[in-house]
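This is what each chain is made of:
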Amino acid sequence: MPAYRFVYCVFLRAVIGGDEVIRHRCHNRLCVNPAHLVVGSKADNKRDDWDYWANGVDYDYL
């Protein structure tokens, strides 16, 4: 289990299914800040990537 998934589950007391992913709103896979992590589907995660590639970094998460 990746550290960011563990941190999300522990801090937010969430149980996440196997088909759900943890999305990094800051686009830094090493980040474990629970405020930057959101649960979503793989499709949501891909849309986040496309938004990041098109619009760049969201400076609110740096």
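What you see is a predicted model, and the numbers here were worked out from it, not measured in a lab.

Analysis parameters
Residues numbered from 1 in each chain as written. Predicted model: local features only at pLDDT ≥ 70, side-chain atom pairs only at ≥ 80, totals over all residues. Heavy atoms only, no water. Helix = DSSP H or I, 4+ residues; strand = E, 2+ residues; numbered from the N terminus. Rg over C-alpha atoms; globule rule 2.2 N^0.38 Å. Contact = heavy atoms within 4.5 Å. Areas by Shrake-Rupley, 256 points an atom, 1.4 Å probe, with all protein chains shown as cover. Lys, Arg positive; Asp, Glu negative; His and termini not counted. Charge placed at Lys NZ, Arg CZ, Asp CG, Glu CD. Core = buried A, V, L, I, M, F, W, Y, C linked by side-chain atoms within 4.5 Å. Buried < 20%, exposed > 50% of the residue type's maximum accessible area, 1.4 Å probe, protein only. Pairing = 2+ DSSP bridges.

A.B. asks: Provide a residue-level description of the overall build of the protein, including the pertinent values.
C.D. replies: When its secondary structure is counted, the protein shows two helices and two strands. Relative to the globule expectation of 11 Å for 62 residues, the C-alpha radius of gyration of the protein, 12 Å, shows essentially globular dimensions. In the protein, the proportion of contacts linking residues at least 24 apart, taken out of those at least 6 apart, comes to 28%. Of the roughly 4,500 Å² that the protein leaves accessible, carbon and sulfur atoms contribute 54%. Between the mean site of the 8 positive side-chain charges and the mean site of the 8 negative ones, the protein shows a separation of 6 Å.

A.B. asks: Please give an account of the nonpolar core that cites residues and values.
C.D. replies: Counting six residues, the largest nonpolar core consists of Y4, Y8, C9, I16, I22 and L37. Of the residues forming this core, the biggest block, three residues, is contributed by helix α1 (residues 3-12). When neighbours within four sequence positions are excluded, C9 is seen to be in contact with A14 and I16.

A.B. asks: Can you lay out the environment of Y52 for me, pointing to particular residues and giving the numbers?
C.D. replies: Its location among the elements puts Y52 in helix α2 (residues 42-55). The spatial distance from the C-alpha of Y52 to the C-alpha of H27 is 7.9 Å, given a sequence separation of 25 residues. Each residue touching Y52, except ones within four places of it in the same chain, is listed here: H27 and V57.

A.B. asks: Give a description of the pairing of strand β1 (residues 21-24) that names residues and reports values.
C.D. replies: Side chains V21 and R23 project from β1 onto one buried face, and the interleaved I22 and H24 project onto a second face that is buried too. As paired elements, β1 and strand β2 (residues 37-40) share four bridges and run antiparallel to each other. Of the residues in β2, the one forming a bridge with V21 is G40.

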